[in-house]
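Here are the chains, one letter per residue:
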Amino acid sequence: MKELSKADREYQEKLKKKNRFYLIAIIFMLTCSGILLIGVNNYDLKINAHAIGFLMGMFMTSSMILIIYIFRNRRIMEDLDKLKRYRIIHTDERNIEIISRALYITTYVMLFVFVLLAMIGSFVSRPLMYTASGLIYVFLISYLICYFYFRKKL
C-alpha cells in the first residue's frame, strides 16, 4: 500500500470531518421527521397535508443526498488515486476562484430577490414581508459576523 502525502492525509481528515457533519445532519433531519409524524398522529398537531408532505419530502430528500455524499467520500478515502485526484480538484486555485465568483454573484442575486420579495410582500401579505425582511437581516448579520471573524483569522 502506498504512503499518503501530508496533503492527502489532511484532505482525508477533512472528508472524515465532513462525513461526521453529514451524519449529524441526517440524524437531526430524521429526528425532525419523527417529531413531525408523532406530533401529527399522537398530539393532534394542526398542520395541513401539503405542509406535512413538503416537510417530509424535504427532510427525506436531504437525508438521502447526505447519505450519497457519505458513501462517495468513503469511496474516495479508500482509493488513493481518487483521493489525490479529488484533493487536487478541490484545492486548485482556478476552481476555488470559480466557486468564489459564483457565490459572490449568487449572493447579490439572492439579496436582490429578498428585497424584491419584501417590497412586493408589503402589498400582498404582511407575514411575507416580515419573513423576507427577517431573511435579509439574517443574511446581513451573518455576513458581518463572518467578515469580522475572517478579517482577524486571515
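Structure: see above.
Rules used in this analysis
Residues numbered from 1 in each chain as written. Predicted model: local features only at pLDDT ≥ 70, side-chain atom pairs only at ≥ 80, totals over all residues. Heavy atoms only, no water. Phe/Tyr/Trp six-rings, centres within 6.5 Å; stacked < 30°, edge-to-face > 60°. Helix = DSSP H or I, 4+ residues; strand = E, 2+ residues; numbered from the N terminus. Expected span 1.5 Å × (residues − 1). Salt bridge = Lys/Arg side-chain N within 4 Å of Asp/Glu carboxyl O. Buried < 20%, exposed > 50% of the residue type's maximum accessible area, 1.4 Å probe, protein only. Axes fitted to C-alpha atoms, helices over the stretch in contact; angles between N-to-C directions. Parallel < 35°, antiparallel > 145°, perpendicular 65-115°, else oblique. Contact = heavy atoms within 4.5 Å. Nonpolar A, V, L, I, M, F, W, Y, C, P; charged D, E, K, R; others polar.

**Student:** I'd like a rundown of the packing of aromatic side chains, residues and numbers included.
**Tutor:** A full pass over the atoms with the stated rule returns six aromatic pairs. Aromatic pair Tyr104 and Tyr108: ring centres 5.1 Å apart, planes at 75 degrees, arrangement edge-to-face. Note that Tyr104 and Tyr108 are positioned in helix H4 (residues 93-124) at a spacing of four residues, about one turn of the helix. Aromatic ring contacts, followed pair by pair, group Phe21, Tyr22 and Tyr69 into a single cluster.

**Student:** Report on helix H1 (residues 6-42), specifying residues and quantitative values.
**Tutor:** The terminal C-alpha atoms of H1 lie 53 Å apart, and with 37 residues this matches the ideal 54 Å at 1.5 Å per residue to within 8%. Of the residues flanking the end of H1, it is Asp44, one or two places downstream, whose phi is positive at about 50 degrees.

**Student:** Summarise the pattern of salt bridges; cite the residues concerned and give the values.
**Tutor:** This structure, assessed with the given rule, holds three salt bridges. With its nearest N and O atoms 3.7 Å apart, the salt bridge here joins Lys16 to Glu13. Residue Lys16 and its partner Glu13 are located together in helix H1, separated by three residues, close to a single helical turn. A residue is classified by how much of its surface remains accessible, and Lys16, at 34% relative accessible area, is partly exposed.

**Student:** Report on the packing of H1 against helix H3 (residues 80-91), specifying residues and quantitative values.
**Tutor:** Their axes nearest at 10 Å, the elements H1 and H3 cross at an angle of 85 degrees. When the axis of H1 is compared with that of H3, the two are roughly perpendicular. Residue-level inspection shows Ala7, Asp8, Tyr11, Gln12 and Leu15 of H1 in contact with H3, the latter providing Leu83, Lys84, Tyr86, Arg87 and His90. Its residues placed into classes, the contact of H1 with H3 shows five nonpolar, two polar and three charged.

Read these as geometric descriptors, not functional statements.
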